[in-house]
Protein chains: 2
Amino acid sequence: MKIREFTEAQLINFLHDEFAAASPEVTLGIGDDTAVIHQDDGYWLLTKDLLLENVHFRLAFHPPFLLGRKSLNVNISDIAAMGGRPAWALLGLGIPKKVNLAWLKEFLAGFKAAAREAGVELVGGDLSRSSHLFISVSLIGETKSPVFRAGAKPGEFIYVSGALGEAALGWQLLKKGHRLGETPELENCLQRFLDPTPQLSLAQELVTHDFVSAMIDLSDGLAEDIRHLCQASKCGAEIWSDKVPLSPCLKRWAARPMKLALHGGEDYQLLFTIKQARERSFLAWLNKSRYQLHRVGQIIKEKEVFLLRQGGRRQVLNPQGFRHFG
Amino acid sequence: MKIREFTEAQLINFLHDEFAAASPEVTLGIGDDTAVIHQDDGYWLLTKDLLLENVHFRLAFHPPFLLGRKSLNVNISDIAAMGGRPAWALLGLGIPKKVNLAWLKEFLAGFKAAAREAGVELVGGDLSRSSHLFISVSLIGETKSPVFRAGAKPGEFIYVSGALGEAALGWQLLKKGHRLGETPELENCLQRFLDPTPQLSLAQELVTHDFVSAMIDLSDGLAEDIRHLCQASKCGAEIWSDKVPLSPCLKRWAARPMKLALHGGEDYQLLFTIKQARERSFLAWLNKSRYQLHRVGQIIKEKEVFLLRQGGRRQVLNPQGFRHFG
């Protein structure tokens, strides 16, 4: 059997079975946004994300500064989704000959900008020659009280932190030849893919106020990530199609906006559920806050994820493949 | 300027300047075997090593079980060289289509074997499609008292933990078509490259007894690694050519055994200096121990590394290029 005949999820399950956590300190090993390791007075969060040339990015259209920033920011997004504070990073770079020093300096400047903004320090790494550019970032964070994917309960409302699908549209537009700085009305979508913003401060506020019961970052798309959250929480969900936030850019330029919003991936928004006992305080806080959050559905007992169409038609919402492991 | 026009050392210096440690907790950032971060009652050690297809290994002759084991063991070697205990690992894999599930299971079994032997737990990672196989392992360890490259003092003797150059010869032989299990007298050298053993228990004994002033693992070759140690310690060294340990296999099969022993790399033996006040206790301990250590030279004040030939001729010992960044 070749790798393409099984999915990333199957592989992760296989890894999970092979490496079931044995130590009492490991609160959570493989299978959430980060690993969680219990320490004396808190938790370490460990995560690693790969970015590969021609899989996750193309050198031809990813400005090096933005690629450096994205390399760290996608990891920061994982730490944020666990309610953590990112702290230490390791950077692994496989560098092909076509990359020159000016490019590399820009890449590192971008990495550094993201690090400075989030209070992260690059403490080590490894470099190698490579046929293609590849980037492997490991990030370690800390928290007093991690927020898991598991924890959502029937009746709780589901929120997302921003418009969905723009990053996926950006990736499509870039592959079609559109570039940053050419078409003002496309700029937003291209930016979302090239330079995603992790929702770190929002995540920390939500956790500080003890609003959330479960959280995940939207890297694989709403349809897949809500499924991850529901599987971990042993419940299901109804997503209300008319509440899924679509940006003007997406509605104007995407052939099928809702499809991208549900299945696009790489939005790096947060998906979370609000504790029912905290709902009222949450709404009061939200009213006064600078955040625009979107209530997109509700957790249900039945262990299935449904999309509720306008008019009331309910259909099972299945993930549509795996972008980087298809 | 293209990457090939500068060396890994220059790149690391550039990274070091760009990311100088700012936080008081970072005892040591980029530039030793691992990063060292001060915690309440000890230190975390963070390291990351990349293994890339056709750069560090070839699928055609690296049995997957041994490659899995090596992927973790080269990282364990870094933690060992800091006097640490390895604890948590993250595994990043870029998987090409030519790799099948049986291969991957063997790889993971090897990784797991190394993990079990060293008390390491795999807690997370990332998977992706890739054009070539690449492996990125991050490892986190702990120690109460880290041993740095800096710390060697003039007059101290320099030791290595085993014969040198065999791994480099193994790599040459493999590229020439020799394979494991074919020629008994080559077996040792091939094994050293395909399945290196990190010197974890030796390192822990040396540290427990407070014998060593400075330590590094031999990944780049004696000539280069003694230079790293001397630069960090602001001193120099004399290496005695007749004391550099050469295995029978190396002497029998290498065209220039001494060249491989000095410059070969990937031996993953330890290189360390013994505190003068602890020399006598060290020798008494060594006599009774199961280890065969080799005294190969002495630290000197002059900031240069020399090779002392038989007959007394002294020459500067320069590193000869960078295997994975040439």
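Residues numbered from 1 in each chain as written. Chains lettered and ligands numbered in written order. Predicted model: local features only at pLDDT ≥ 70, side-chain atom pairs only at ≥ 80, totals over all residues. Heavy atoms only, no water.

### Describing the state of the cysteines
Residues and elements named next belong to chain A.
Argument step 1. Following the criterion strictly, the structure yields 2 disulfides over all chains and no others.
Argument step 2. Residue pairing for Cys189: its cysteine sulfur links by disulfide to Cys249, the two sulfurs lying 2.4 Å apart. In this pair, Cys189 is assigned in helix 5 (residues 187-194) and Cys249 in helix 8 (residues 248-253), connecting sequence segments 60 residues apart. For the pair shown, Cys189 and Cys249 are each scored as buried. (Disulfide = S-S within 2.5 Å. Helix = DSSP H or I, 4+ residues; strand = E, 2+ residues; numbered from the N terminus. Buried < 20%, exposed > 50% of the residue type's maximum accessible area, 1.4 Å probe, protein only.)

### Here's the deal with the domain arrangement of chain A
Residue and element names in this part refer to chain A.
Argument step 1. Domain annotation of chain A identifies domain 1 (3-143) and domain 2 (157-325).
Argument step 2. Placing a centre on the C-alpha atoms of domain 1 and another on those of domain 2 gives a separation of 21 Å.
Argument step 3. Tallying the contact residues gives 30 residues for domain 1 and 26 residues for domain 2.
Argument step 4. Here domain 1 meets domain 2 over a buried area of about 2400 Å², counting both sides, of which 64% is carbon and sulfur.
Argument step 5. Among the residues domain 1 hides against domain 2, the three largest losses belong to Phe61, Lys70 and Ser77. Together they make up 24% of the total.
Argument step 6. For the interface between domain 1 and domain 2, the tally reads 2 salt bridges.
Argument step 7. Scanning the region where domain 1 abuts domain 2 turns up 6 residue pairs in polar contact (both at pLDDT 80 or more).
Argument step 8. Taken together, the elements giving at least two residues each to the side of domain 1 that touches domain 2 come down to helix 1 (8-18), helix 2 (64-81) and strand 4 (85-95).
Argument step 9. Taken together, the residues that form the side of domain 1 that touches domain 2 break down as 16 nonpolar, 7 polar and 7 charged. (Domains from an automatic or database assignment. Contact = heavy atoms within 4.5 Å. Buried area = accessible area lost by both parts, 1.4 Å probe. Salt bridge = Lys/Arg side-chain N within 4 Å of Asp/Glu carboxyl O. Polar contact = N/O pair within 3.5 Å; in protein donor to acceptor, adjacent residues only side chain to side chain. Nonpolar A, V, L, I, M, F, W, Y, C, P; charged D, E, K, R; others polar.)

### Some thoughts on the pattern of salt bridges
Argument step 1. One pass over the full model with this rule turns up 22 salt bridges over all chains.
Argument step 2. A salt bridge links A:Arg85 to A:Glu142; the nearest nitrogen and oxygen atoms lie 2.6 Å apart. Placement of the pair is A:Arg85 in strand 4 and A:Glu142 in strand 6 (residues 134-143), with a sequence separation of 57 residues.
Argument step 3. Where B:Arg227 meets B:Glu304, a salt bridge forms, and the shortest distance between an N and an O atom there is 3.0 Å. Taken as a pair, B:Arg227 in helix 7 (residues 222-233) and B:Glu304 in the loop between strand 11 (294-300) and strand 12 (305-308) lie far apart in primary sequence, 77 residues in all.
Argument step 4. Among the residues examined, B:Glu304 registers a relative accessible area of 24% and is labelled partly exposed.

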